[in-house]
Amino acid sequence: MPLYVEKKPEVLITEDGVRTDGRKPYEMRPVRMTVGILDKADGSAFIEWGGNKILAAVFGPREVHPKHLVLPDKALVRTRYNMAPFSTPERKRPGPDRRSVELSKVIREALKPAIFVENYPGSVIDIFIEVLRSDAGTRVAGVNAASLALANAGIAMRGLVAACAVGRVGDFVVCDPNHDEDMWGDADMPMAMLMEAEEITLLQTDGPMTEEQFREALKLGRNSIRFLYEMQKEALKRPYQVVERSVRGVV
Ligand code: UDP
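**Student:** Got a minute to help me understand the pattern of salt bridges in this structure?
**Tutor:** Working definition: two side chains of opposite charge can pair if their charged atoms are close together. Under the counting rule described, the total for this entry stands at 23 salt bridges. Here Arg 23 makes a salt bridge to Asp 176, at a shortest N to O gap of 3.5 Å. Of this pair, Arg 23 sits in the segment before β1 (31-35) while Asp 176 is found in the loop between β7 (172-175) and α3 (179-184), placing the two residues 153 residues apart along the sequence. As far as burial versus exposure is concerned, Arg 23 and Asp 176 are alike and both buried. Two residues, Glu 109 and Lys 105, come together in a salt bridge whose shortest N-O distance is 2.9 Å. Taken together, the residues Glu 109 and Lys 105, both in helix α1 (residues 98-111) and four residues apart, mark about one turn of the helix. Judged by its relative accessible area of 42%, Lys 105 is partly exposed. Salt bridges sharing common partners tie together Asp 21, Arg 23, Arg 29, Asp 135 and Asp 176.

If you want it as structure tokens, here you go:
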């Protein structure tokens, strides 16, 4: 018998577009970013986004172990996304699973185009993403924090990668799906962009949308990502200080 049983809310979004947490479709949950919080890491950042609490730590460029993984002409980029057993409503079994392996891969692929890997031949850049509390959208929150941690580590980058999920609930395209919407909504579409190049480095979707809804979602995602990118730049200029937005309209 599980200790915690989740229930689908009767109404996920009202006819006039009010969501289960009171937000309007285009509103984002409150976000706080803090850069440089771990003195033992080369770079670090902490993001709180809705109920998510996620730490990112970067080590490197440093010597590669095991040696056979060395890439002679560029840096190896390794990413580990991990959820603490206490981070979910129901206790998560510790250690890697299929989901964390997939998320580590998509996060690495979202970040890698930003890194000048050719500047660090034969070395490794290790990126750790530790989810302490999860509340939907952990992969995009992880990308934002990891990008800040890379910059905080002084890694040469083309620019910052910022990320946000958008989705569909009934007829509404929504920004930053919450836990209910992630579980019972109609589509979830995490996105990341290398802002300087206006290049999409992550785009996944797990539900149907019409072409018109998809275009709307893409536009909303891009605008939301731009908003987070501005926060990231501010957070980098103010290490050890919280940069916070609770004004939630972004478009
Ligand atoms: N989740 C959970 N247990 C798990 C995996 C996920 O409770 O083992 C929850 C967690 O809150 C997570 C949400 O489900 O944020 C959505 O997970 P998903 O795989 O869609 O990735 P995310 O939205 O976090 O990027």
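**Student:** I would appreciate a short explanation of the site of the ligand in the present structure.
**Tutor:** Surveying the vicinity of the ligand reveals the residues Met 83, Thr 88, Pro 89, Arg 99, Ser 134, Asp 135, Ala 136, Gly 137, Thr 138, Arg 139, His 179 and Asp 182. Gly 137 is positioned such that a nitrogen or oxygen atom in its backbone is 2.8 Å from an oxygen atom of the ligand. Contact between the ligand and Arg 139: an oxygen atom at 2.8 Å from a side-chain N or O atom of the residue. Protein contact buries 78% of the 510 Å² of open area that the ligand shows by itself. When atom positions are compared with the pocket grids, the ligand is found to occupy the largest pocket. Listing elements by their share of the shell around the ligand, those giving two or more residues are α2 (138-152) and α3.

Rules and cut-offs
Residues numbered from 1 in each chain as written. Predicted model: local features only at pLDDT ≥ 70, side-chain atom pairs only at ≥ 80, totals over all residues. Heavy atoms only, no water. Salt bridge = Lys/Arg side-chain N within 4 Å of Asp/Glu carboxyl O. Helix = DSSP H or I, 4+ residues; strand = E, 2+ residues; numbered from the N terminus. Buried < 20%, exposed > 50% of the residue type's maximum accessible area, 1.4 Å probe, protein only. Near = heavy atom within 4 Å. Polar contact = N/O pair within 3.5 Å; in protein donor to acceptor, adjacent residues only side chain to side chain. Areas by Shrake-Rupley, 256 points an atom, 1.4 Å probe, with all protein chains shown as cover. 1 Å grid on protein atoms, 1.4 Å probe; cavity = no way out; pocket = protein on both sides within 12 Å on 5 of 7 lines; lining within 4 Å. Sits in = over half its atoms within 2 Å of the grid points.

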